[in-house]
Amino acid sequence: MGEPRPAGAGDPELVEVADGVYAYLQPDGGWCLNNAGVITGRSGAVVVDTAATVRRAERLRAAVDSLGAGPGRTVVNTHFHGDHTFGNSVFGPAATVIAHAGTRTEMAETGLGLTALWPDVHWGEVRLVLPDVTHHGGLTLHTDDRRIELLHFGPAHTRSDTVVWLPEERVLFTGDIVMPGCTPFVLMGTVEGSLATLERLRALGATTVVGGHGRVAGPEAFDETEAYLRWIQDVAAEGVREGLTPLEAGRRCGPQEFAGLLDPERLVGNLHRAWAELEGGELGRPLDPVAVFREMTEYNGGRLPACHA
Ligand SMILES: [Zn+2]
């Protein structure tokens, strides 16, 4: 099962991926240590996702402010998960928050539930700020003469993910649909939908891929994610044939060639989703995340998945 990772995990890093376009990386990219994006212009900055805790969101805000963009602040939430949205409030009432309509609904429904999974994290005075503007599949922002396209390709990591695509710069912010170096996580989304979405993302022709966690990558990150998800489907098909539960199948096979990816216990959550898809029904239909989280802890030898937020 390996040694627990050291706590703390290093300082955030701002990487310029195109002129005035930045990836804000929070090492090591594990649970709740998400990436953000910052797109700067004379009128202001577009911030792609915030952070999990107040302290981390304030640090992100300071990094955004250091870039010398104009005063406007637009925050795009790629999906409802708290590590990408809890920091919205730190950007204040003058910031406009944009997300897919489904993301807004899921944020309202789940509230601050994530904080209960890791009670030892110093979340700070987290306050839910829901999006002011919602889209149903596409929206274009214009910053100076830069085009920023918000796109939705169907259910994937969640049921309502938004990716942020800069067609001129060929930079793509994927949210958690892609997480280079980390184990994919589709418990609240879909394996099949993720595979279809990866096809659509590949077709955009990005040269730089900033995932929702992990290092800055290129289009090879799509292949790595796809390989993992196809393997999950194979393991699930075999497990169902043999009458195993997702936890039993996960314990028996282990992460195999994907052992190098961060947070391998997500295997159990991913298998639950693949199992649900083999039973049929609507893609991304809700499963019980708390029960599955308990099983991921069990898979982990009784240790809570490591969260260093
Ligand atoms: Zn997520």
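Scroll up for the structure.
So, here's what we can say about the structure.

How each quantity is defined
- Residues numbered from 1 in each chain as written.
- Predicted model: local features only at pLDDT ≥ 70, side-chain atom pairs only at ≥ 80, totals over all residues.
- Heavy atoms only, no water.
- Helix = DSSP H or I, 4+ residues; strand = E, 2+ residues; numbered from the N terminus.
- Polar contact = N/O pair within 3.5 Å; in protein donor to acceptor, adjacent residues only side chain to side chain.
- Donors = N, O, S within 2.8 Å, 3.2 Å for Na, K, Ca; no water.
- Tetrahedral: all angles 85-135°; square planar, octahedral: opposite > 155°, others 65-115°.
- Pairing = 2+ DSSP bridges.
- Axes fitted to C-alpha atoms, helices over the stretch in contact; angles between N-to-C directions.
- Contact = heavy atoms within 4.5 Å.

**A short note on the environment of R59**
No. 1: Structurally, the position occupied by R59 is in helix α1 (residues 54–65).
No. 2: As a C-alpha pair, R59 and A236 span 177 residues in sequence and 41 Å in three-dimensional space.
No. 3: There is a polar contact of 3.0 Å between the side chain of R59 and the side chain of D11.

**Observations concerning the coordination of the zinc ion**
No. 1: Taken together, the protein donors to the zinc ion comprise H79 (NE2), H81 (ND1), H157 (NE2) and D176 (OD), at separations of 2.2 Å.
No. 2: Angles of 88 to 171° at the metal separate the four donor atoms of the zinc ion, which places the site in the irregular class.
No. 3: Here the donor residues of the zinc ion are spaced in sequence according to H-x1-H-x75-H-x18-D. One end of the pair, H79, is in the loop between β5 (72–76) and α2 (82–85); the other, H157, is in the loop between β9 (146–151) and β10 (163–166), and 78 residues separate them in sequence.

**Details of the sheet that holds strand β1 (residues 13–18)**
By definition, the strands of a sheet pair up through backbone hydrogen bonds, in either a parallel or an antiparallel sense.
No. 1: Across the sheet, seven strands lie side by side as β1-β2-β3-β4-β5-β6-β7; this open sheet has mixed pairing. Both outer strands of the open sheet, β1 and β7 (133–135), are each paired with one neighbouring strand and no more. Strand-to-strand twist across the sheet, computed as the mean angle between neighbouring axes with direction ignored, equals 20°.
No. 2: Looking at chain direction, β5 and strand β6 (residues 96–100) are connected through three bridges and run parallel. For V76, the partnering residue across the bridge sits in β6 and is I98.
No. 3: Along the sheet, α1 contacts β1, β2 (21–25), β3 (36–40), β4 (44–48) and β5; its crossing angle with β2, the most-contacted strand, is approximately 155°.
No. 4: On top of the sheet, helix α3 (residues 101–110) reaches β6 and β7; it is set at about 100° to β6, its chief contact.

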